[in-house]
Amino acid sequence: MIERLDYEEVGFISGLEVHQQLLTAEKLFCRCPAGLYTTTHDGEILRHMRPTLSELGEYDGTALMEFKTKKEILYLLNRLNVCTYEMDDTPPFLVNQDAIDIAIELCLSMNMDIIDEVHIARKQYLDGSIPTGFQRTAIVAVNGWMPFKGRRLTVTHVSIEEDSCREVSDKGHRIVFRTDRLGTPLTETVTGAELRTPQEVREAITLCGLIARSTGRVRTGLGAARQDINVSVRGGRRVEIKGVPRAAYSVKLTHNEAIRQVNLLKLRDVLRGRGLDSPENVHMHSKDLSDICSFEALGFGRGATGDNRIYGVRIEGARELAQHPTQPGKSFLDELSGRIRVIACLDESPIILCGDTLPDFQDMPEMQRRMREKLGAKDRDDVFLVCGPQTDCLTAAEEIRLRFCDATDGIPMETRQALSGGLTTFERILPGPDRMYPDTDLPPTQIMPERIEESRRQLRPLPWEREKRYGSWRVPLETTHFLIRRGGAEIVDAIVEKTGADGLVAAIEIGQRVRAMKRAGIPIQRLDTEKWIEVFDLYTDGLIPREGIRTVAARMATEPELSARQAAGAEGINLQGAEKWNSEVETLIDGAVDAVASGADGRLTRLITGKATAMLSGKAAAKDVALYVRQRLLEGRA
Amino acid sequence: MSIPMSERTDRFQGYEGKSKEALEKHGIGVWSEVEIINDAGSSFVGVVLPRSETYDDLHIVVKLFNGYNIGIAASRIVSARETGYRKAVYKIPEKDFPYDPKNKNVTLLGTGGTIASRLDYRTGAVIPAFTPGELYGAVPELADIANLNTRKLFGVFSENMGPEQYKVLAVEIGKEIEKGVDGIVIGHGTDVMHHSGAILSFMVQDSPVPIVLVGSQRSSDRPSSDAALNLRNAVRTAAYSDIAEVLLCMFGPTSDTYDLLHRGTRCRKMHSSYRSTFRTIGATPLAAVHVDKNEKGSYFEYITDDFLRRDKSRKPIINNAFEEMVTIQYYYPNFKPDIIDSLSDLGYRGLVIAGTGLGHVNKPLYPALRRAIEKGMTVVMTVQTIWGYAQMYVYDTGRDLLNMGIIPLDNMLPETAYMKLCWVLGQTDDPETIRRMMLKSINHEITPREPHNGYLILQGGLPEVDEFVCRHLK
């Protein structure tokens with residue numbers, strides 16, 4: 001059940017960061033093949049990440065968080081798709097110029113100003129998703145827009161960057177990545193924070209996808225396009241929801257995030273009411289409670305084996321606050337749990353227990369009493385339990401304190417991970433701009449005006465231009481979007497231009513019939529533009545009827561060596577002039593005149609037409625046959 | 001605090017021609033916080049950075065406040081205004097290195113490599129961290145290992161290390177030893193680290209304590225850098241290991257697991273960029289260093305016990321002789337004799353040949369070599385295969401070369417041979433003495449025996465090799 005929310009009232013605002021893989025043969029900074037995914041590996045490397053201090057002597061918040069996790073990072077290598085560059089044992093090679101060309105085309109589609117001299121920067125990531133510890137990224141264009149619901153949606157900038165590794169597993173202090181995807185060229189399109197409702201978010205994502213697909217030069221398939229969505233409400237802060245794979249998911253995700261933020265602002269007010277109005281007033285105490293708590297009874301299945309301890313964490317004045325709602329169906333306890341899972345690396349359920357919601361068992365009340373007593377908990381205090389190695393428990397206690405500190409302020413700036421079902425969970429502290437610095441390994445790239453003009457000349461039709469044109473042919477919008485997304489629009493345009501075929505016919509055949517053929521298992525994708533033009537030439541020359549198009553195409557798909565003409569012949573399709581087939585229909589009509597006399601007209605017409613069409617399949621167009629039969633029957637009766 | 005434009009001495013740092021004119025015209029300069037508008041109406045808000053000399057004079061570099069750098073064509077700037085001015089001051093706040101009297105004392109001598117650094121994210125500059133306080137800030141684990149004292153001797157890029165620097169280093173090492181340190185670490189660029197390892201092995205003999213060269217293959221500003229691990233292990237080696245020799249301390253595998261300690265005379269950089277590039281040639285490393293103790297309670301895993309042991313009472317022999325007129329020539333088919341004649345005419349006193357096979361060059365060179373030797377040049381032979389011995393008595397070619405007085409250097413590495421020849425020729429010009437000194441191994445630069453595991457170049461692609469590699473961390 002979706003909670004209602006007045007987006008305007010709460011000041012919902014959202015912006016997108018759309019990541020799109022580019023269709024290049026090679027990766028961005030090395031010559032490995034792009035888009036080649038493997039599930040096996042023939043080498044493994046172990047690495048650690050250390051944050052670099054800023055000159056102010058401070059660590060960037062995200063970097064510090066990642067360092068606290070003290071993760072061992074394992075990279076799986078397959079020599080088919082990685083070289084020593086991905087391993088971070090070789091400096092980058094000169095940037096892939098194809099990727100730059102595609103990026104320029106994409107930027108021109110969005111009316112952008114291309115940067116004169118592109119400089120590559122390093123954006124630090126310490127979660128291990130990139131072996132160097134930073135992503136190479138560069139702004140390629142600024143100051144653009146796309147037409148959106150009668151207004152202009154700002155495109156702040158587009159950057160080109162390398163894709164990261166794929167996570168294989170993340171358990172405790174060890175995280176494992178696969179390196180096949182690393183280095184694939186991506187563009188990142190950043191829109192202004194101008195989307196006003198979750199529905200607009202979805203539409204904007206769809207539009208960005210259409211623009212990218214219109215270029216015909218982006219990768220398709222699962223994971224080739226990913227969205228990060230920024231959401232904030234009035235009085236709150238920007239939260240980034242990372243890795244949204246489909247536009248459809250964005251509605252629930254952004255809606256639920258808005259609710260979470262509104263609830264956190266309410267929680268802040270409750271905290272203030274209790275005097276917890278700043279981090280200085282949040283007081284935490286923690287103690288090892290292993291001797292008075294039962295691992296099994298509490299559900300800590302990992303048990304007292306090894307170095308696991310149970311720690312109690314008391315927050316003064318926080319009674320019942322953990323139950324405060326956040327996302328629909330979730331509470332503040334889940335906020336604490338998310339932090340502990342990521343930063344303290346305690347990821348086995350239950351991650352955290354709240355003193356007030358312990359599982360029910362016989363000695364539970366007594367255990368609760370002893371717990372609170374040992375921690376010195378007053379009635380107004382709340383007590384939490386965590387379980388794991390001692391150092392991790394102490395980290396968890398500190399994270400509980402920090403999260404309460406953040407709660408006194410309202411909404412912490414976070415990156416959250418999208419989960420199925422429309423909810424999100426903590427992924428990392430939102431990094432600031434203070435983690436970028438120039439990549440001195442590579443020289444800058446000057447983009448010459450001639451290069452931009454050349455791209456502009458080659459620019460393919462934009463989505464809104466096609467929507468208008470196809471719309472004038474009365475093609476349904478959904479079909480137009482399908483054609484743009486799947487590349488059929490290129491074929492349709494070529495058919496219309498080269499054969500003079502009716503646009504609607506071309507769009508329906510390519511945009512709808514082809515889908516049905518694919519579902520029926522016909523390898524129709526084997527037909528390229530040239531082949532389709534052959535088929536439609538037969539149609540516009542009057543040699544095959546409308547119904548014949550799909551038959552001929554299907555035959556060419558299953559027997560690729562046949563030309564369109566040969567395929568038509570093989571299917572027995574050969575349109576003949578009316579004088580040739582009229583006489584065949586006469587026989588049918590003569591034999592049915594009696595039935596006409598009996599008055600069963602409509603059915604008779606349909607009966608004869610059906611028989612005639614079947615008899616004449618490929619030789620005559622169905623609509624011509626129907627007309628002829630009708631006329632003859634009318635004459636016959638008169 | 002803003003400084004008037006006219007008083008800014010670095011206002012045009014790196015900018016020439018059109019780009020400099022644009023800065024002048026619009027009243028902005030380097031370190032100006034600006035808003036620039038171009039002819040498409042795009043607005044850029046950020047800091048103007050200095051321009052690198054190797055780039056053109058047509059663009060102005062701005063670090064936007066969102067973190068990215070961009071280059072704006074000077075010709076496209078329509079308007080610009082300065083909204084602030086903050087000159088970059090590259091100073092890291094001092095933190096005191098926590099000294100513990102119970103800890104060993106190690107001195108870190110800096111030659112130029114950046115073993116630790118900080119970042120000025122506002123301008124993107126990498127600031128070397130070098131004083132004990134700065135190092136402590138960057139690698140706090142050092143305080144648990146030893147008390148650190150640092151001295152910057154010079155700041156040169158690897159390629160500029162040379163005789164001047166070697167001489168200074170040798171003397172300074174001597175001074176530190178006299179002060180009674182427990183060990184010495186030398187921060188060094190990696191390109192010619194093995195050259196320094198070799199020359200210091202000759203210039204500083206009988207050291208009472210470890211002398212450890214250390215660097216990083218990936219710059220220390222990166223999260224993935226090998227710098228921190230190398231530095232920690234180098235300091236630990238200097239403070240605690242039993243090996244009182246000139247050592248190189250760099251990654252074993254390319255994974256972040258342990259470092260290897262290589263003897264300075266038999267170590268070579270074997271790959272242009274891998275973290276695991278340094279290898280001992282024709283022998284095994286001396287030890288591995290780990291961050292955790294093993295079952296025996298030691299951080300060190302000694303691979304051999306054939307090394308000079310730590311002994312505070314021993315006095316080092318510092319001898320920083322160095323003859324500069326020495327060269328290495330890498331033989332190749334079509335190597336013309338006139339090169340040898342030219343070298344001789346130019347006054348070169350020493351020639352190290354990296355010969356083919358067992359130490360060979362072709363016949364046309366013989367007369368030129370003979371002439372050079374008669375004129376007083378010392379010619380020595382090493383093998384360009386890097387591994388293996390020069391055994392010139394096996395073939396006629398080699399025997400002819402021996403007869404004309406070329407000194408065969410067995411399995412001495414070409415770079416080590418170069419350094420030793422410079423050191424020896426810096427002390428004498430008597431051919432007998434030269435020959436004797438070159439052939440007498442001071443520290444394993446020539447070894448009498450090559451063990452079967454001294455040459456282990458596994459060939460990738462072979463099933464058994466790939467299977468082995470797959471089972472271990474690279």
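You'll find the structure just up there.
Residues numbered from 1 in each chain as written. Chains lettered and ligands numbered in written order. Predicted model: local features only at pLDDT ≥ 70, side-chain atom pairs only at ≥ 80, totals over all residues. Heavy atoms only, no water.

Structural notes on the overall build of chain B
Thought 1: Looking only at helices and strands, one finds twelve helices and 23 strands in chain B.
Thought 2: Taken over the C-alpha atoms alone, chain B extends approximately 80 × 60 × 55 Å along its principal axes.
Thought 3: Relative to its 474 residues, chain B shows a buried fraction of 56%.
Thought 4: Taking the contacts inside chain B whose residues are at least 6 apart along the sequence as the reference set, 68% of them involve residues at least 24 apart.
Thought 5: Carbon and sulfur atoms make up 52% of the accessible area of chain B, which totals about 20200 Å². (Helix = DSSP H or I, 4+ residues; strand = E, 2+ residues; numbered from the N terminus. Buried < 20%, exposed > 50% of the residue type's maximum accessible area, 1.4 Å probe, protein only. Contact = heavy atoms within 4.5 Å. Areas by Shrake-Rupley, 256 points an atom, 1.4 Å probe, with all protein chains shown as cover.)

Looking at a nonpolar patch on the surface
Thought 1: Residues Y393, V394 and Y395 of chain B make up a contiguous nonpolar surface patch of roughly 320 Å² in combined accessible area.
Thought 2: By secondary structure assignment, the location of Y395 of chain B is in the loop between β22 (378–383) and α9 (396–403). (Patch = residues over 30% accessible without salt bridge, like charges linked within 9 Å, V, L, I, M, F, W, Y side chains within 5 Å. Salt bridge = Lys/Arg side-chain N within 4 Å of Asp/Glu carboxyl O.)

Notes on helix α11 (residues 463–472) of chain A
Residues and elements named next belong to chain A.
Thought 1: Turning to α11, its buried residues number three or more, namely P463, R466 and Y470. Looking straight down α11, one finds that the buried residues subtend no more than 60 degrees of arc, so they occupy a single side. Of the residues in α11, the exposed ones pointing more than 90 degrees away from the buried face are K468 and S472.
Thought 2: Contacts made by the buried residues of α11 are with α4 (198–215), α12 (477–486) and α13 (488–499).
Thought 3: After α11 finishes, the residue R474 shows a positive phi value of roughly 70 degrees. (Arc of directions from axis to C-beta.)

Looking at the interface of chain A and chain B
Thought 1: Contacts between the two partners involve 61 residues from chain A and, on the opposite side, 61 residues from chain B.
Thought 2: For the chain A and chain B pair, buried surface summed over both sides reaches about 4600 Å², with 51% attributable to carbon and sulfur atoms.
Thought 3: Connecting chain A to chain B are ten salt bridges.
Thought 4: The partner of R218 of chain B in a salt bridge is D88 of chain A, with the nearest N and O atoms 3.9 Å apart.
Thought 5: The tally of links between chain A and chain B comes to 31 residue pairs in polar contact (both at pLDDT 80 or more).
Thought 6: Among the elements of the structure, β2 (43–47), β3 (72–77), β4 (113–114), β6 (121–124), β7 (134–148), β8 (151–162) and β20 (436–438) of chain A are those that each provide at least two residues to the side of chain A that touches chain B.
Thought 7: At seven residues, the largest contribution of residues to the side of chain A that touches chain B is made by β7 of chain A.
Thought 8: Of the residues belonging to the side of chain A that touches chain B, the class tally is 25 nonpolar, 17 polar and 19 charged.
Thought 9: Where strand β5 (residues 117–118) of chain A meets strand β4 (residues 69–73) of chain B, two bridges bridge the pair, whose relative direction is antiparallel. Among the inter-strand pairings, V118 of chain A is bridged to a residue of β4 of chain B, identified as I70 of chain B. (Buried area = accessible area lost by both parts, 1.4 Å probe. Polar contact = N/O pair within 3.5 Å; in protein donor to acceptor, adjacent residues only side chain to side chain. Nonpolar A, V, L, I, M, F, W, Y, C, P; charged D, E, K, R; others polar. Pairing = 2+ DSSP bridges.)

Thoughts on a negative patch on the surface
Thought 1: Judged by side-chain charge, E16, E21, E24, E53 and D57 of chain B come together as a negatively charged surface patch.
Thought 2: Positionally, E21 of chain B belongs in helix α1 (residues 17–26). (Lys, Arg positive; Asp, Glu negative; His and termini not counted. Charge placed at Lys NZ, Arg CZ, Asp CG, Glu CD.)

Considering helix α7 (residues 332–343) of chain A
Structural remark: α-helix, 3.6 residues per turn; residues separated by three or four positions point the same way.
Residue and element names in this part refer to chain A.
Thought 1: For α7, spanning twelve residues, the distance from its first C-alpha to its last is 17 Å, which sits close to the expected 16 Å at 1.5 Å a residue.
Thought 2: Buried residues dominate α7, accounting for ten of its twelve residues.
Thought 3: Listed as buried for α7 are F332, L333, E335, L336, S337, G338, R339, I340, V342 and I343.
Thought 4: Looking one or two residues beyond α7, the residue adopting positive phi is C345, at roughly 60 degrees. (Expected span 1.5 Å × (residues − 1).)

Quick word on the state of the cysteines
Thought 1: Scanning the model with the defined rule gives zero disulfides over all chains in all.
Thought 2: Not engaged in a disulfide, the cysteine C393 of chain A finds its nearest cysteine sulfur in C387 of chain A; these two sulfurs lie 6.3 Å apart.
Thought 3: Here C422 of chain B stays unpaired: no disulfide links it, and the sulfur of C267 of chain B, its closest cysteine neighbor, is 19 Å away. (Disulfide = S-S within 2.5 Å.)

By themselves, these observations are geometric and do not establish any function.
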